[in-house]
Amino acid sequence: MSLTGSGDLASLLWDVFRGNGRQVNGPRGPVTLIRSANGGDFGDAVVLAHSVNEYASSFGGQPPRARLPALLRSELEARGGRVFNPRGQALRDIPDVQQMVGALLESLDPGGAIQSGMRLTAPVQRYFAAFRAAYTQYAQAAPDPNQPHGLRDFVEAWGQRRSQGPDRWPREWPILELCFTLLAWFPRLRDDPEGQVHLETISRAIAQSATFSPYRALILTGPAPHDRRCVESALRDIFAPLADSAVEVDEEIVPSIPRDRLTIMTIHQAKGLEYPLVIADVSSDFSRNHPKNRFRRFPDLPSNVASMEDDLAPASEVGPLRQQRTALDRTFDDLVRLYYVCYSRPQSVLLLVGLDKCLQYATTIKNVATFWRTNGTWPWVGPFAGNRPPPMANSIPLELL
């Protein structure tokens, strides 16, 4: 079976879980790969990769390159499917998070008047500006609800510490309560499983700051200078870490991933789990034999872990035993074990995906994930006439999915 792009992979998944299946060549002839008749859905498949990042690093001010998880998300959403990958982007780069944090910033410090007098790092200042701009653009669209008041009116009233009802403005207000009040205008963060993971990260940053921040994540109304210092404390202890990507996303708060979502996770995350269909991303990032990516596929130098083991060996009783294999051999062992975990996750079907330059038989891009041996030989290479069939690890019928 040949896949030539993320669109083909999305098409395959759509045929399997929403269509009439996809016919493939099995060890006993053609078989149909199709969802289980007993409630089969995208939740029966998983994409495993070395990294779940949806975008590569940006260099020279250029837009970041979309990786396979982002391309697959786009292709599936164009067909009406959904993906669950809450760690695919840095929290500070997610549009809904930017809009929500921007609304919080404008509520606490309208126009950045207090922020401008603080000594914050350049990245934090840049992202604070991006958050405020994202909120401004979102508020201009007048999202529902607009009665009894809209988002912009609420944020402006909060910035002026002015009550919109008959009650007087309280002397102190928890920022966490403000965050949950704003949820009325951010349905994705409120209702979507991925959005709920992102909301938990924001609310956790606010709640944890109450344990060490001088003002316990509270906004005070008078007397001076506490009305200003409480805002400075919030900007420094809550929002600066969010802008600096210092707060980790915890996707384990979702007890079970929705059945209609395709899960994307790292190989380490999948340890101990099994899925009927496992899609292993073995080479979507490797277009050439570049030294910068050899550590992920066919290392030519020991890893930092193996080098540290050598450094500590004289001080450890097991050190000489570990050193019976060289540091480079142990580095290969770690990669082999990683992909053993990956390839032992499927219950029925394992699909390897990657760039043709790494998967074709004439490739010179060595990769442990495609079964290159540590001595540089490859069992897939050899004289062969015609279209070479894919290797079959066993004779498990594909229709068991």
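Before going into details, it helps to say that this report is about the structure given with it. Fair warning: this is a prediction, and the values are worked out from it, not measured in the lab.

**So, unusual backbone geometry**
Alright, step 1. Backbone torsion omega between Gln147 and Pro148 reads 0°, so that peptide bond is classified as cis.
Alright, step 2. Cis geometry marks the peptide bond from Gly222 to Pro223, where omega comes out at -10°.
Alright, step 3. Assignment of secondary structure puts Pro223 in the loop between strand S6 (218-220) and helix H9 (226-243).
Alright, step 4. The phi angle at Arg216 is positive, at roughly 55°, despite the residue not being glycine.
Alright, step 5. With respect to the element layout, Arg216 can be found in the loop between helix H8 (193-209) and S6.

**Side note on helix H4 (residues 122-140)**
Alright, step 1. Helix length check: H4, at 19 residues, gives a terminal C-alpha distance of 27 Å against a target of 27 Å (1.5 Å per residue), a fit within 8%.
Alright, step 2. Here H4 has its buried residues at Val124, Tyr127, Phe128, Phe131, Arg132, Ala134, Tyr135, Tyr138 and Ala139. What you see down the axis of H4 is that its buried residues fit within an arc of 160°, all on one side. Facing away from the buried side of H4 by more than 90 degrees, the exposed set consists of Ala122, Arg126, Gln137 and Gln140.

**Overview of helix H6 (residues 175-182)**
Every α-helical turn comprises 3.6 residues, leaving residues that sit three or four positions apart pointing alike.
Alright, step 1. Every buried residue of H6 is accounted for by Ile175, Leu178, Cys179 and Leu182. With its buried residues spanning 100° around the axis, H6 presents them on a single face.
Alright, step 2. If you follow the buried residues of H6, they end up packed against helix H3 (95-108), helix H5 (151-159), strand S5 (172-174), H8, S6 and H9.

**Some details on the pairing of strand S1 (residues 22-26)**
Each regular strand displays side chains that alternate between the two surfaces of the sheet.
Alright, step 1. Pairing between S1 and strand S2 (residues 29-33): five bridges, direction antiparallel. Looking at S2, one finds that Val24 is bridged to Val31.
Alright, step 2. The hairpin turn running from S1 into S2, its antiparallel successor, is two residues long.

**Points about the nonpolar core**
Alright, step 1. One finds Leu182 and Phe239 to be the most contacted residues of the largest nonpolar core, which totals 56 residues.
Alright, step 2. Taken together, the elements giving at least two residues each to this core come down to H3, H4, H5, H6, H8, S6 and H9.
Alright, step 3. It is H9 that provides the largest number of residues to this core, a total of nine residues.
Alright, step 4. For Leu182, the contacting residues outside a window of four places in its chain are Met100, Ala103, Leu104, Leu151, Phe154 and Val155.

**Considering the side chain of Asp285**
Alright, step 1. Note on placement: Asp285 falls in the loop between strand S8 (275-283) and helix H10 (304-312).
Alright, step 2. Among the residues examined, Asp285 registers a relative accessible area of 18% and is labelled buried.
Alright, step 3. In terms of polar contacts, Asp285 uses its side chain to reach the side chain of Arg67, at 2.6 Å.
Alright, step 4. Ignoring sequence-local partners within four residues, the contact set of Asp285 consists of Arg65, Arg67 and Arg296.

The rules behind the values
- Residues numbered from 1 in each chain as written.
- Predicted model: local features only at pLDDT ≥ 70, side-chain atom pairs only at ≥ 80, totals over all residues.
- Heavy atoms only, no water.
- Helix = DSSP H or I, 4+ residues; strand = E, 2+ residues; numbered from the N terminus.
- Expected span 1.5 Å × (residues − 1).
- Buried < 20%, exposed > 50% of the residue type's maximum accessible area, 1.4 Å probe, protein only.
- Arc of directions from axis to C-beta.
- Contact = heavy atoms within 4.5 Å.
- Pairing = 2+ DSSP bridges.
- Core = buried A, V, L, I, M, F, W, Y, C linked by side-chain atoms within 4.5 Å.
- Polar contact = N/O pair within 3.5 Å; in protein donor to acceptor, adjacent residues only side chain to side chain.

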